[in-house]
Amino acid sequence: MGKKGLGIFTGLIIVGIFVGWYYFSRESRYIGTSALRAVPVNSPLIIEARNIFAFTGDIQENPMWEDLSELPGFSDIQSEITYVDSLFSANREARELFRNKPLVMALGFEGNDSFNQLYLTQLDDISEKNIINQFIRNVLAPDNAQITHRKYDHVQVYEYVWNQKGKQHKLVYAFHKGIFIAGENPVKVEEAIRQLNTSSLLDKPHFQKVYKTAGVNVDMNFYINYQTFPRLLSLCTSEPVAHALRGFNNFATWSEIDMEMKQDEILLNGFTYSDDSVNNYQNIFLHQQPQKFRMEEVLPSETSFLLSFNLSNPSVFFKDYEKYLDRDGKYYAYENKLSAVKKSTGVNPQEMVKKLMDREIAMVYTRGNPSQPDENRFLVMRTHSKSQAEKTIREMVGHWARVNGKSLNDYVRTYHVDKQTAYPIYNMPVDNFGERVFGPIFRPVPTRYVSFVGNYMVMGDSYRSLSGFIKDYVLQEVLKNNIRYQEFSDRLSQRCNFYMWFSPGSIAVF
């Protein structure tokens, strides 16, 4: 080889080394970047699985997860996780790569009535790109897959499309700034690429508040964005519940929840942040002292869901609630609803609640009836005095009866438990009492009838549904005697302002 040829060859080597060094240094500086930096900031729910393969093994043996998987949202998440695990089981090298690597799943919206998943994981070494590429080519995509690639914002984006059992499948993925990005929707992959080029959730002070509380030695971390999470939930519920949820995009700011799987239980622990300077719904509880939940003594044993407000001072609560509504431009609509009730019954329902309520009011679902979902929904309020509360109800119904040219007796029926025990059930003048007084969170509960059980006022959809509620109470088939509920409640704080409980296996009516 002549000197000229040797010089060219040496020059090419030097250029190659330089290009390789440049590429390596450019890519390696991003190695170890948190996958959360690629999550679109408007994502309603972010799930970070610390060890996806250990988790999929645990859920196979956990009876509670089996119940949860019957819920629409959880069933989708489980099917995705199980599918990912089955794919990696066919490739040992890829499985080892992801064994101790956090996998982030960010849920996002696709159109108006569906959602999809975006998968993200950080790279710890440049060689991991080759392992992932080989895994996709050799395991994930079949031989007949159509493969295309293109540049988006200077980033190479790969797309695999194939048909299997009459259904089209798509995988879109890219590597950018030390993050592997994958999903079915190319728009979401592109969104993650753009997100890596700007400030991320980790740069947002509100997100940082909850991120700092996240556990490390847990199975999963859930991050909930309340600006968009209610809309996501509404896609997994019946229309009455969905309608109520869609109005709660300002419930709080962010929540972080740690989940740990045990042999026969699922432990959840977390923190919710609500910015005092923002008009968040959760702030209406700021001036309330936590109260003991006592309603379990009357709720039916087959209660599948309950959501309770436990208030130390209802009058202060309503002042804060009205401030919240005023800032949200909804105060006058609320006031008009109260005035309409007073006009037809002679009683302002908010004043009635402030006078009668003894700290607790709850929305309760019992045994499900898919054909008649309203039959299993109740509004239950503890009263200071049953006699005073019933007197007020009789005055309301009596006024309403006179307006309609009838008598009180036309709106009262008696449920006889036995020859000695009878309960009057009143036809209620207001069929959405909870919503009118406490807002849309209680919208799913119809209140066409009302009766009294102990010191509790119980409203429901029909005479028959209230009769069943009363019967359970008389027979003492109540929640406090439910062994499964006892095991759950023993682990909880005895005092709270906002209490929610549900039984996964029987909540499909949502």
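Remember, predicted model here, so these are calculated numbers, not experimental data. (Residues numbered from 1 in each chain as written. Predicted model: local features only at pLDDT ≥ 70, side-chain atom pairs only at ≥ 80, totals over all residues. Heavy atoms only, no water.)

J.: Whenever I open this one, the overall build of the protein confuses me. Can you help?
T.: Along the backbone of the protein there are 17 helices and 20 strands. A separation threshold of at least 6 residues defines the contact pool for the protein, and within that pool the share at least 24 residues apart is 67%. Accessible surface, the protein as shown: approximately 25100 Å² in total, 50% of it carbon and sulfur. (Helix = DSSP H or I, 4+ residues; strand = E, 2+ residues; numbered from the N terminus. Contact = heavy atoms within 4.5 Å. Areas by Shrake-Rupley, 256 points an atom, 1.4 Å probe, with all protein chains shown as cover.)

J.: What is the right way to look at unusual backbone geometry in this model?
T.: Note: most residues except glycine have negative phi, and most peptide bonds are trans. One non-glycine residue, lysine 177, lies in the positive phi region at around 50 degrees. By the secondary structure assignment, lysine 177 is in the loop between β6 (167–176) and β7 (179–183). For arginine 359, which is not a glycine, the phi torsion comes out positive at approximately 75 degrees. In this structure, arginine 359 sits in strand β13 (residues 357–365). What makes arginine 359 partly exposed here is its relative accessible area of 32%. (Buried < 20%, exposed > 50% of the residue type's maximum accessible area, 1.4 Å probe, protein only.)

J.: How should I be thinking about the sheet that holds strand β1 (residues 45–49) in this particular structure?
T.: What holds strands together in a sheet is hydrogen bonding between their backbones, with the strands either parallel or antiparallel. Pairing in this open sheet of 10 strands is antiparallel, and the strands run β4-β5-β6-β7-β3-β2-β1-β8-β9-β10 from one edge to the other. In the strand order of this sheet, the two ends are held by β4 (146–152) and β10 (266–273), each with one partner. Each adjacent strand pair in this sheet contributes to an overall mean axis angle of 20 degrees, direction not counted. Strand direction decides the pairing type here: strand β5 (residues 155–164) and β6, joined by 8 bridges, are antiparallel. Paired with tryptophan 162 across the strands is histidine 169, a residue of β6. Contacting β2 (103–109), β3 (115–122), β4, β5, β6 and β7, helix α7 (residues 186–195) crosses the sheet at an angle of about 10 degrees to β6. (Pairing = 2+ DSSP bridges. Axes fitted to C-alpha atoms, helices over the stretch in contact; angles between N-to-C directions.)

J.: Would you mind going over the side chain of serine 465 with me for this structure?
T.: As for its position among the elements, serine 465 is in helix α16 (residues 463–474). Looking at serine 465, the relative accessible area reads 6%, which means it is buried. Once you skip the residues sitting within four places of it in the chain, serine 465 turns out to touch Glu375, Phe378 and Gly460.

J.: So what exactly am I meant to see when it comes to the sheet that holds strand β20 (residues 498–502) here?
T.: The strand order across the open sheet formed by 8 strands is β15-β16-β17-β18-β14-β13-β12-β20, and the pairing between neighbours is antiparallel. Unpaired on one side and paired on the other, β15 (412–416) and β20 mark the two borders of the sheet. Ignoring which end each strand starts from, the neighbouring axes of this sheet average 20 degrees apart. Taken together, the 5 bridges between strand β17 (residues 449–453) and strand β18 (residues 456–460) define a ladder with antiparallel strand orientation. Counterpart to valine 450 in the pairing with β18 is methionine 459. With respect to the sheet, helix α14 (residues 386–403) is in contact with β14 (377–383), β16 (422–427), β17 and β18, its orientation differing from that of β16 by roughly 40 degrees.

J.: Can you help me understand the packing of aromatic side chains in this one?
T.: The geometry of an aromatic ring pair comes down to the distance between the two centres and the angle between the two planes. All chains considered together, the criterion is met by 35 aromatic pairs. The interplanar angle of 70 degrees and the centroid separation of 5.3 Å between the aromatic rings of phenylalanine 309 and phenylalanine 442 together place this pair among those described as edge-to-face. In this pair, phenylalanine 309 sits in strand β12 (residues 305–310) while phenylalanine 442 sits in the loop between α15 (433–438) and β17, placing the two residues 133 residues apart along the sequence. For phenylalanine 442, a relative accessible area of 1% gives the class buried. An angle of 45 degrees between the planes, with centres 5.3 Å apart, marks the rings of phenylalanine 318 and phenylalanine 438 as tilted. (Phe/Tyr/Trp six-rings, centres within 6.5 Å; stacked < 30°, edge-to-face > 60°.)

J.: Teacher, can you tell me more about helix α12 (residues 331–345) here?
T.: Owing to its 3.6 residues per turn, the α-helix brings residues three or four apart onto one side. Between its terminal C-alpha atoms α12 stretches 21 Å, which fits the 21 Å expected from 15 residues at 1.5 Å a residue. Those residues of α12 hidden inside the fold are in contact with α11 (314–327), α13 (349–356), α14 and α15. A positive phi of about 80 degrees marks glycine 346, the residue just after α12. (Expected span 1.5 Å × (residues − 1).)

Scope: geometric values only; no functional claims are made or implied.
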